[in-house]
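Listed here are the chains, written in short residue letters.
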Amino acid sequence: MLAKVMRRAVERPMLVLTPILALQTLPTLWAKEVWFPDEPRHAAAFMQMMENGHWLVLHIGQIPYPDKPPLYFWMLAGLSWLFDSRDPALFQFAAALSALFFLASTVYAARALCLPRSIPLLAGLVLLTDHFFIERAHFPRMDLLFCTFILLSHVFFYRAATGPRDLTPRAAMLAFAMAGLATLTKGPIGILLPLAGLVLFLARERRLAALLDRGYGAGLAVYAAMMATYLAGVVAVEGLGFLHAILVEQTLARALDTWIAAEPFYYYLRRLPEFWLPWSVLLFFLPWRRLGESGFWRALWRPDQTGSEHKGRAYLWITALGSLAIISAFDYKVRFLVLTFYPQTAMLIALFLAGLPRARRVAVFSLVLAFLALLVAVLPVLPQALPWPERIRGEWAIFATGLVALAPLFVLRRRGPLVFVGGLALGLALVFLPYYLLTIRGLNDTMSPREQGEIMGRHAEAGYALYYYDPPFSEGMFDYYAGRAVPNIWGERALADAVAGRPCGVVAMRDRYWRSWENRPEGLELIDERILDRRRIMLLRWRRGTDGQGSCSIPAAS
């Protein structure tokens, strides 16, 4: 029955991919809170946009937030109006919706590149069985939406380069428009990667002169108009000086010379096997001898007239390797950037699986199952190796679900790729339900600032001043759950002045700052202490009055 469903699904891949993604994500929308360190800042920026109208330049409190463009937050605003909600589940739904767009664009790209009929569905199923993609679908970030626009830009550039000449202007304008949306989602890399892919592909085709075609000029004008409109709005709101923060500090400085997340050039190569689990087992089956021959790469680079499918495969290789080379050249390296070529990698994996002889394919599937079975077997003892073993929940539920889900797959491993990978996607969806409903939910108290933020919010309602003591650029950590902006202060003198200047207040600070503070003001009392993302955060309160009574009442615990 599964084989029959898969054969019919080849024509309509999203009818299979969407329910599996929904099974992975929708039941878990209310399981996870807003987690340290980035999600609270994004939530704080979203709240400021909704409450104070910062639509073009995001703010955290009263401070402009140049790290991110606003497009993803506009999507959050639309969903907020649609569902009349600003709960954490809204952010989770945005992540799941972005994952759906990512899957749909991968299916569309596989068809646009004229790959075999089964590859769009198989590539989508490969994504739905990859742990990193599943993780991104559950964590509220703009990464998947950003990479969706990059992929669509790649696709339209490919159509502009290979389609009829009279369609080039329209395809080029769509490509540059998608790159513009990517730029407005997370920054200029949204235009850099697709444009580099186009240049490399035209170089392979010995057609670099085509870049002078007026169709590409029209597309570039579309992109320039989008950026000029946005930047003109930024200047109107914040002035010319703010452009320096966006274009230099947040773009050039991070890419070329930064102390934040600086890694060696081989960082992504070293970690790709980790990102692509369980499909990293394919490393044992790749034709390494052929990949090591110069003839393979010359054939890949050589222009040919053998058909659009070969061109499509070449475009996959070129854009994947080109993107990997570019992001490896950046000084700033973060995990999400591998998503910029994840669709291409998924399609290449699908092509490899579809082309394997039956015996080797069964061996691949058997090794995948062996790896997953080993992982399930060690789950009951795995919590002891994690930072918070006493907070890990649900390992036995995952163990039991894993046994039930994996058992049928040992039979299906002898079937075709669509049947096995489809069954694996469904099985992993069932396994991940207790993981997110129990394990992730259990980690909320050590990853989410909700409880301390709510304590601060209750004190603010009783008249207390609120502060967060941490180095600059860490604003917004407690704003969302406190229900108001919590000013960030830094330096012992600034904190001493804040304590002296207000009759009552609450400050959140790390324990190591408290221990190293030599001249502490008198009257500070500890009201809460807990670990947030491996940081021990203390809430300290002070109250003063002229007649021996506190000037602010102590709020009751919720």
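Residues numbered from 1 in each chain as written. Predicted model: local features only at pLDDT ≥ 70, side-chain atom pairs only at ≥ 80, totals over all residues. Heavy atoms only, no water.

Novice: What is the right way to read helix H9 (residues 168-186) from this model?
Specialist: In an α-helix, one full turn covers 3.6 residues, which means residues spaced three or four apart are oriented alike. Here H9 spans 27 Å end to end across 19 residues, near enough to the 27 Å set by a 1.5 Å rise per residue. Most of H9 is tucked away: 14 of the 19 residues are buried. (Helix = DSSP H or I, 4+ residues; strand = E, 2+ residues; numbered from the N terminus. Expected span 1.5 Å × (residues − 1). Buried < 20%, exposed > 50% of the residue type's maximum accessible area, 1.4 Å probe, protein only.)

Novice: Is there a simple way to explain a positive patch on the surface in this structure?
Specialist: On the surface, a cluster of positive charge is made up of Lys4, Arg7, Arg8 and Arg415. Along the chain, Arg415 falls in the loop between helix H20 (409-412) and helix H21 (417-442). Judged by relative accessible area, Arg415 falls into the partly exposed class, the value being 42%. (Patch = residues over 30% accessible without salt bridge, like charges linked within 9 Å, V, L, I, M, F, W, Y side chains within 5 Å. Areas by Shrake-Rupley, 256 points an atom, 1.4 Å probe, with all protein chains shown as cover. Salt bridge = Lys/Arg side-chain N within 4 Å of Asp/Glu carboxyl O. Lys, Arg positive; Asp, Glu negative; His and termini not counted. Charge placed at Lys NZ, Arg CZ, Asp CG, Glu CD.)

Novice: Quick question: what am I supposed to make of the pairing of strand E5 (residues 504-510) here?
Specialist: Successive side chains on a regular strand alternate, one facing one side of the sheet and the next facing the other. Summarising burial for E5: 7 of the 7 residues are buried, a large majority. Of the two faces of E5, both are covered, the one formed by Cys504, Val506, Ala508 and Arg510 as well as the one formed by Gly505, Val507 and Met509. Both strand E3 (residues 465-469) and E5 contribute to a ladder of 5 bridges, which runs parallel. Each residue of the ladder has a partner; that of Leu466, found in E5, is Val506. Sheet analysis places E5 next to strand E7 (residues 535-543), joined by 7 bridges and oriented antiparallel. Directly across from Val507, in E7, lies its bridge partner Leu540. (Pairing = 2+ DSSP bridges.)

Novice: Mind showing me how you'd approach a nonpolar patch on the surface here?
Specialist: A cluster of nonpolar side chains, contributed by Leu195, Val199, Leu208 and Leu211, occupies part of the molecular surface with about 260 Å² of accessible area. Mapping Leu211 onto the fold places it in the loop between helix H10 (189-204) and helix H11 (214-238).

Novice: When you look at the sheet that holds strand E6 (residues 525-532) in this model, what are you seeing that I'm missing?
Specialist: Paired through their backbone hydrogen bonds, the strands of a sheet run either parallel or antiparallel. Here we have 5 strands laid out as an open sheet, ordered E4-E3-E5-E7-E6, and mixed in their pairing. Taken across any chain shown, the strands that pair with only one partner, and hence form the sheet edges, are strand E4 (488-489) and E6. In the sheet, E6 pairs with E7 via 7 bridges, with the strands oriented antiparallel. Counterpart to Arg530 in the pairing with E7 is Ile537. Across the sheet, helix H23 (residues 450-461) lies against E3, E5, E6 and E7, angled at about 150 degrees from E6, the strand it touches most. (Contact = heavy atoms within 4.5 Å. Axes fitted to C-alpha atoms, helices over the stretch in contact; angles between N-to-C directions.)

Novice: How should the environment of Gly124 be read in this particular structure?
Specialist: Along the chain, Gly124 falls in helix H6 (residues 119-128). Sequence separation between Gly124 and Val421 is 297 residues, and the spatial gap between their C-alpha atoms is 9.8 Å. Not counting the four nearest positions on each side in its chain, Gly124 is found in contact with Leu17 and Leu103.

Novice: Can you help me understand helix H17 (residues 342-355) in this one?
Specialist: Under the 1.5 Å per step criterion, the end-to-end length of H17 is 20 Å for 14 residues, consistent within 8% with the ideal 20 Å. The buried fraction of H17 amounts to 12 of the 14 residues, a majority that puts the element mostly inside the structure. Considered for burial, the residues of H17 that qualify are Tyr342, Pro343, Gln344, Thr345, Ala346, Met347, Leu348, Ile349, Ala350, Leu351, Phe352 and Leu353.

Novice: Can you walk me through the side chain of Thr319 in this structure?
Specialist: Within the secondary structure, Thr319 is located in helix H16 (residues 308-329). With a relative accessible area of 3%, Thr319 lands in the buried category. A distance of 2.7 Å separates the side chain of Thr319 from the backbone oxygen of Tyr315, its partner in a polar contact. In contact with Thr319, not counting residues within four places along its chain, are His154, Gly197 and Gln344. (Polar contact = N/O pair within 3.5 Å; in protein donor to acceptor, adjacent residues only side chain to side chain.)

Novice: Can you help me understand the state of the cysteines in this one?
Specialist: Covalent bonding between the sulfur atoms of two cysteines is what defines a disulfide. Counted by the stated rule, this structure contains 1 disulfide. A sulfur-sulfur separation of 1.8 Å characterises the disulfide bridge that pairs Cys504 with Cys552. Of this pair, Cys504 sits in strand E5 while Cys552 sits in the segment after E7, and the two are 48 residues apart along the sequence. Since its relative accessible area comes to 7%, Cys552 is described here as buried. (Disulfide = S-S within 2.5 Å.)

Novice: Could you clarify how one ought to interpret the packing of aromatic side chains in this entry?
Specialist: For any pair of aromatic rings, geometry is given as the distance between the ring centres together with the angle between the planes. Scanning the model with the defined rule gives 31 aromatic pairs in all. Plain terms: the ring middles of Phe132 and Tyr342 are 5.9 Å apart, the flat faces sit at 65 degrees to each other, and that makes the pair edge-to-face. Here Tyr342 lies in helix H17 and Phe132 lies in helix H7 (residues 131-136), a separation of 210 residues in the sequence. Both residues of the pair, Phe132 and Tyr342, belong to the buried class. Arranged with centres 5.7 Å apart and planes meeting at 55 degrees, the rings of Tyr158 and Phe201 form a pair that is tilted. Separated by 43 residues along the polypeptide, Tyr158 in helix H8 (residues 143-162) and Phe201 in helix H10 bring together distant segments of the chain. An aromatic cluster is built from Phe46, Phe91, Tyr480 and Tyr481, whose rings are joined through pairwise contacts. (Phe/Tyr/Trp six-rings, centres within 6.5 Å; stacked < 30°, edge-to-face > 60°.)

Novice: What is the right way to look at the side chain of Lys32 in this model?
Specialist: For Lys32, the location among the structural elements is in the loop between helix H2 (14-25) and helix H3 (38-52). What makes Lys32 buried here is its relative accessible area of 3%. Separated by 2.6 Å, the side chains of Lys32 and Glu39 make a polar contact. The contact partners of Lys32, leaving out residues within four places of it in the chain, are Glu39, Pro88, Gln92, His138, Phe139, Pro140, Ile440 and Asn444.

Novice: Sorry if this is basic, but what is going on with the packing of helix H13 (residues 267-275) against H16 here?
Specialist: Packed helix pairs are specified by the crossing angle of their axes together with the interaxial distance, meaning the distance between the axes. Closest axis-to-axis distance for the H13/H16 pair is 9 Å, and the angle between their directions is 120 degrees. Taken together, the axes of H13 and H16 are oblique relative to one another. Here Tyr268, Leu269 and Leu272 of H13 lie close against H16, whose contacting residues are Leu324, Ile327 and Ser328. Across the contact of H13 with H16, the residue classes break down as 5 nonpolar, 1 polar and no charged. (Parallel < 35°, antiparallel > 145°, perpendicular 65-115°, else oblique. Nonpolar A, V, L, I, M, F, W, Y, C, P; charged D, E, K, R; others polar.)

Note that every value here comes from positions in space, so none of it alone points to a role or purpose.
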